[in-house]
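# Topology and contacts: notes
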Amino acid sequence: MKGTAVTVFEILRFLIIHWKCDIEVSKGVLLEGQLVISIEGLNSKHQANALHCVTTIASAGSLFGGTVLKKFLKEIQSILPGISAKLTWTSEESSYSQDMTGVTPFQMIFEVDEKPRTLMTDCLVIKHVLRKIIMVHPKIRFNFTVKVNGILSTEFFGRPKFDTIESYCSRIHPVLGHPVMLFIPDDVAGMDLLGELILTPAVALCPSPKVFSNQLNSISSVSIFLYGPLGLPLILSTWEQPMTTFFKDTSSLIDWKKYHLCMVPNLDLNLDRDLLLPDVSYQVESREGDQSQNMDLQGQTLLLFLFVDFHSAFPVQQMEIWGVYALLTTHLNAILVESHSVVQDSIQFIVDQVLEQHHQAAKAQQKLQASLSVAVNSIMSILTGSTRSSFRKMCLQTLQAGDTQEFGTKLHKLFCEITQHQFLHHCSCEVKQQLILEKKDSAQSTEDTPDNSSLELLTDTSGQAENKRLKRGSPSVEDMRTLYSARAPSLSEAALGGRAPTAAPLTPSGREACETHSRALTPGRASLGNHLEDALWLQEVSNLSEWLSPSPGP
Amino acid sequence: MAFAPMGPEASFFEVLDRHRESLLAALRRGGGEPPSGGSHLASSSEVLASIENVIQDIITSLARNEAPAFMIENRSSWENIKFEDSVGLQMVSHCTTRKIKSDSPKSVQKFALILKILSMIYKLVQSNTYATKRDIYYTDSQLFGNQTVVDNIINDISCMLKVSRRSLHILSTSKGLIAGNLRYIEEDGTKVNCTCGATAVAVPSNIQGIWNLVTDAKFVLIVEKDATFQRLLDDNFCNKMSPCIMITGKGVPDLNTRLLVKKLWDTFHIPVFTLVDADPHGIEIMCIYKYGSMSMSFEAHHLTVPAIRWLGLLPSDLKRLNVPKDSLIPLTKRDQMKLDSILRRPYVTCQPFWRKEMEIMADSKMKAEIQALTFLSSDYLSRVYLPNKLKFGGWI
């Protein structure tokens, strides 16, 4: 019998696939809506030491038309035969009308008996899955409620409203790699796909190098996230042991030696931590005999997102996508092993780009710090050497310093603040914000749009559930096309312009960085940026196959 | 007379004397020396106060949470330079400026270096010590990168604070030589006599500090090249043409050589002539002495001697003296570009004879070094060419 977590995920996956395929969501629009997942557990009357869990998945608003509801229910029941519990469907048919261009809310309920510990683990897995979903689908919001024997907890997964503008962009700016076709081993039994599996990698550093003004740390860990078609998380069949054979070899994707890094698998992926967990994690280990390579505990995390999509010359059917998921869930390891060479080449290329940018940023930062140091020391030299008391007094008073030492400290701090503000200001997200502002000036728009269309990595500042979202940059369509039109694109441009969403702060410092960024856009700007961002995001991830070249081989 | 007469008889210098009279008359008509604009010789306290004002502005900006910046005049931009016959090239009163910002990745390093050099100048002035630009560079060569960076920043500071480089207690390294009927006392009390011998005297590094200059010279001859200068020394030119003064900057003149020429003119008002190769480079060097350079236009009043006359080698002399073609050199493309550039400069319009000579050069597409005159005889320059030029007023 399938557990609660697996069932919830499979329902959500099917729901989103169905939603995407059947509703004819236009290419420029992301899926948008709110889903409520509630689990109520009461002591089971049939099993000892077990809870009878009733799980409800409902839409807070409307998702799709009533005519497909019954078809959906029939299909999902055929897809999920393992759900032996009751799967019921209720819909507000009274509000259903064929003339409605809108859609009808729905609700699905299933019941299972589970041990309390199993339910607890399932809840953690569900939260993990929800976080991964909203990273790629920023407009879907989840309300997750668990009530066990009367004790209630609620968590919200979604994009909060913002009303302040961050002075600089602390987004993570992934770089998209060249998509490659995956090879399916002959001995992998399964469906006959009328299409190809395409893997597109995306790489980013977290926290963004732009956020850390005073230091640019070396890489200390790597986090890998796996996504299947339509940007849904890949939960491998061996999810309890996520490290497949392929990923156990840390050099299977990236040659770390060229960066003088030694990576070891990090098996400490504890679901109990209220963070977005990667599917695969590596951490840096000092190389033997290399005393200069100290493990940087405060280092940055290299985020690697692997998006596997299905590309076909024919219209893709829902069942095909479902089948692809089944294939990937079970045989991803074998597929990656078979496609190792092309996958590694594609990933290596963009990792090189990202790390080179990181290196350049580090150099620029060092140069800046050196210059500031020279400036401060020079001013201090003049101040301390001056025999004119009025001059010295005036300087100290201006900075409200009690003595020259305090003056020096304040001077350095002011210089750092002012320069960092400008140095961090230069990113394409700011350029995009400026473009949006300019558009706003020339077009009328309302100020009351509550959401913005950008994805963000957030943490709950109040200590409640963390809502992690993907920060998305602002690539231009041209940038994206440029990125994919050449085998070796100008990835410096792509890095600035090309964006794929995803970033997960895995360290406390990263969380802080993402917190500050959570208020990046004003509501007023968002409405104008929505369509632009949706179109771009769709290009980036949601419909990977649509903008890939027909034969994106190595 | 201060010196034993060794040169030609007094009648030899009649034309020269009349030329000097005309120069003095022009000075009187012009109301004396032009007012000193641009940078001036500031006192130490003035310089220190100026630097402190700069620091105060920076701190005030920071306190207002504004990124401090330096406003630097574009010294080397033609739009900021005007020509005045009495002065030469000088900066206009309202120049365009550029901003050296502290919050720009491109300029933060320069911002810091300007502050660094300001602090060094502050210390030099406070301690009443001096350093050359080279010394400044070597205090932290890694930080500065190269000498040119230091040179430009020092000039920018001089321009920004409106004080001469000397007032900043930064010296330029002298490379010039001087010989002839001149003696003076240096700041430290050293007595210097430049009377011609086999060797010349190095141009001092502290021109402002020399005093008690004494000379009977009838003229000052600026020689472009050291080779020509040495040749004239070897030919005992200073004594043959005594009383006179010879000076060379060994090519493009350094600041001290220019300051000395200016000081000699300001002090004695004796005719100053140039002896340069008949090529665009030589003409440009001559223009630097006479009208100043673009980069130092902010200090034009201290450096230029508009009264300078071109004695030789004139392009027209080449034809007049039938200098053989194998002694001539074709103009290179770079020569032609430089010649075109000089012809377009504002000061050439008031020098029709210079323009004509340059046009002769442009038409013939040939140039010649002074050494080309050796085809006539090895000492033709000192024995015939120059004496005739000086006696009969062969200058323009």
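Residues numbered from 1 in each chain as written. Chains lettered and ligands numbered in written order. Predicted model: local features only at pLDDT ≥ 70, side-chain atom pairs only at ≥ 80, totals over all residues. Heavy atoms only, no water.

What follows is about the overall build of chain A. What chain A contains, in helices and strands, is 14 helices and 13 strands. Of all 554 residues assigned to chain A, the portion counted as buried reaches 56%. As displayed, chain A has an accessible area near 23300 Å², and 52% of this comes from carbon and sulfur atoms. (Helix = DSSP H or I, 4+ residues; strand = E, 2+ residues; numbered from the N terminus. Buried < 20%, exposed > 50% of the residue type's maximum accessible area, 1.4 Å probe, protein only. Areas by Shrake-Rupley, 256 points an atom, 1.4 Å probe, with all protein chains shown as cover.)

Below, the discussion takes up the interface of chain B and chain A. By a widely used convention, the size of an interface equals the accessible area lost when the partners come together. Contacts between the two partners involve 30 residues from chain B and, on the opposite side, 28 residues from chain A. Summing both sides of the interface, chain B and chain A together bury roughly 2400 Å²; the carbon and sulfur share of this comes to 74%. For the pair chain B and chain A, the number of links is one salt bridge. At the junction of chain B with chain A, the criterion picks out six residue pairs in polar contact (both at pLDDT 80 or more). Elements represented by at least two residues in the side of chain B that touches chain A include exactly helix H2 (44-63) and helix H3 (108-127) of chain B. (Contact = heavy atoms within 4.5 Å. Buried area = accessible area lost by both parts, 1.4 Å probe. Salt bridge = Lys/Arg side-chain N within 4 Å of Asp/Glu carboxyl O. Polar contact = N/O pair within 3.5 Å; in protein donor to acceptor, adjacent residues only side chain to side chain.)

This part covers the environment of Met394 of chain A. Inspection of the secondary structure assignment puts Met394 of chain A in helix H7 (residues 389-398). Dropping the residues within four chain positions of it, Met394 of chain A is found in contact with Gln56 and Thr60 of chain B.

All names here are of chain A. Strand direction decides the pairing type here: strand E1 (residues 33-43) and strand E5 (residues 140-148), joined by nine bridges, are parallel. Bridge pairing links Gly41 to Val148 in E5. Of the pairings in the sheet, the one linking E1 to strand E2 (residues 51-59) comprises nine bridges and is antiparallel in character. Across the sheet, the residue bridging to Gly41 is Cys53, located in E2. (Pairing = 2+ DSSP bridges.)

In this section: the packing of aromatic side chains. With the rule as written, the count across this model stands at 13 aromatic pairs over all chains. Centre to centre, the rings of Trp310 of chain B and Trp354 of chain B are 5.6 Å apart; their planes meet at 75°, and the pair counts as edge-to-face. Residue Trp310 of chain B is found in strand E15 (residues 309-312), and its partner Trp354 of chain B is found in helix H14 (residues 352-364); the two are separated by 44 residues along the sequence. In this structure Trp310 of chain B comes out as buried when scored by relative accessible area, which is 0%. Judged by its relative accessible area of 2%, Trp354 of chain B falls in the buried class. The positively charged end of Arg13 of chain A is found above the aromatic ring belonging to Trp322 of chain A, 5.1 Å away from the centroid. In this structure, Lys132 of chain A is placed above the aromatic ring of Tyr227 of chain A, and the distance from its NZ or CZ to the ring centre is 5.0 Å. (Phe/Tyr/Trp six-rings, centres within 6.5 Å; stacked < 30°, edge-to-face > 60°. Lys NZ or Arg CZ within 6 Å of the ring centre and 35° of its normal.)

The next thing to look at is the pattern of salt bridges. Residues and elements named next belong to chain B. Under the definition given, this model contains 25 salt bridges over all chains. A salt bridge links Lys133 to Asp151, with the nearest nitrogen and oxygen atoms 3.8 Å apart. Remark: Asp151 occurs in helix H6 (residues 147-161) and Lys133 occurs in helix H4 (residues 133-139); sequence separation between them is 18 residues. Here Lys133 falls in the buried class, since its relative accessible area comes to 16%. Here Asp379 ties to Arg383 by a salt bridge, and the two come within 3.2 Å at their closest N and O atoms. In this structure Asp379 comes out as partly exposed when scored by relative accessible area, which is 22%. By relative accessible area, Arg383 is classed as partly exposed at 47%. Linked by salt bridges that have partners in common, Arg98, Lys110 and Asp156 make up one network.

Residue and element names in this part refer to chain B. With antiparallel pairing, the three strands of this open sheet are ordered in space as E9-E8-E11. The open sheet has two edge strands with one neighbour each: strand E9 (191-193) and strand E11 (211-214). The sheet shows a mean angle of 10° between the axes of neighbouring strands, taken without regard to direction. When strand E8 (residues 183-185) meets E11, the two strands line up antiparallel, connected through two bridges. Directly across from Arg183, in E11, lies its bridge partner Val214. (Axes fitted to C-alpha atoms, helices over the stretch in contact; angles between N-to-C directions.)

Let us look at the confidence of the model for chain B. With 90% of its residues at a pLDDT of 70 or more, chain B shows a mean pLDDT of 89. Per the prediction output, this complex has pTM 0.62; the corresponding ipTM is 0.75. (pLDDT = per-residue confidence, 0-100.)

All names here are of chain B. With twelve residues, helix H13 (residues 333-344) ought to run about 16 Å at 1.5 Å a step, and its terminal C-alpha atoms sit 17 Å apart, in line with that. Listed as buried for H13 are Asp335, Leu339, Ile342 and Leu343. Around the axis of H13, the buried residues are gathered within 100° of arc, so they sit on the same side. In H13, those exposed residues whose orientation departs by more than 90 degrees from the buried face are Lys333, Arg334, Met337 and Arg344. (Expected span 1.5 Å × (residues − 1). Arc of directions from axis to C-beta.)

Our next topic: unusual backbone geometry. All names here are of chain B. Of the consecutive residues Ser242 and Pro243, the connecting peptide bond is found in the cis state with omega at 5°. Along the polypeptide, Pro243 turns up in the loop between helix H8 (237-240) and strand E13 (245-248). For the bond from Gly312 to Leu313, the omega torsion is -5°, close enough to zero to count as cis. Residue placement: Leu313 occurs in the loop between E15 and helix H12 (315-320). Positive phi, close to 55°, is recorded for Asn128, a residue that is not glycine. Here Asn128 is to be found in the loop between H3 and strand E5 (131-132). Residue Asn212 is not a glycine yet carries a positive backbone phi of 60°. Structurally, Asn212 is set in strand E11. A relative accessible area of 45% means that Asn212 is categorised as partly exposed.

This next bit is on helix H9 (residues 255-268) of chain B. Residues and elements named next belong to chain B. End to end, H9 covers 20 Å across 14 residues, agreeing with the expected 20 Å (1.5 Å per residue, within 8%). Those residues of H9 not exposed but buried are Leu255, Asn256, Thr257, Arg258, Leu259, Leu260, Val261, Lys262, Leu264, Trp265 and Phe268. One or two positions beyond H9, positive phi appears at His269, with a value near 50°.

Residue and element names in this part refer to chain B. The contact between H2 and H3 brings their axes to 10 Å, and the two run at 150°. By the angle between their axes, H2 is roughly antiparallel relative to H3. Handedness of the crossing formed by H2 with H3: left-handed. Judged by residue contacts, Ser44, Val47, Leu48, Ile51, Glu52, Val54, Ile55 and Ile58 of H2 engage Phe111, Leu115, Leu118, Ile121, Tyr122, Val125 and Gln126 from H3. Here the residues of the contact of H2 with H3 sort into twelve nonpolar, two polar and one charged. (Parallel < 35°, antiparallel > 145°, perpendicular 65-115°, else oblique. Left-handed = near helix turned anticlockwise from the far one by under 90°. Nonpolar A, V, L, I, M, F, W, Y, C, P; charged D, E, K, R; others polar.)

In a beta sheet, neighbouring strands pair by backbone hydrogen bonds and run either parallel or antiparallel. All names here are of chain B. Strand order in the open sheet formed by six strands is E10-E7-E13-E12-E14-E15, and the pairing between neighbours is mixed. Of all the strands in the sheet, the pair left with one neighbour each is strand E10 (201-202) and E15. Bridge count for strand E12 (residues 220-223) against E13 is four bridges, and the pairing is parallel. Within the sheet, the bridge partner assigned to Val223 lies in E13 and is Thr248. Contacts between helix H10 (residues 280-291) and the sheet are confined to E12, E13, strand E14 (272-275) and E15, with E15 contributing the most and set at about 145° to the helix. Packed onto the sheet, helix H15 (residues 380-392) meets E12, E14 and E15 and runs at close to 145° relative to E15.

Residues and elements named next belong to chain A. Applying the stated criterion across every chain yields a total of zero disulfides over all chains. Note on Cys53: no disulfide assigned, nearest cysteine sulfur contributed by Cys123 at a separation of 7.8 Å. Residue classification places Cys53 among the buried residues on the basis of a relative accessible area of 0%. (Disulfide = S-S within 2.5 Å.)

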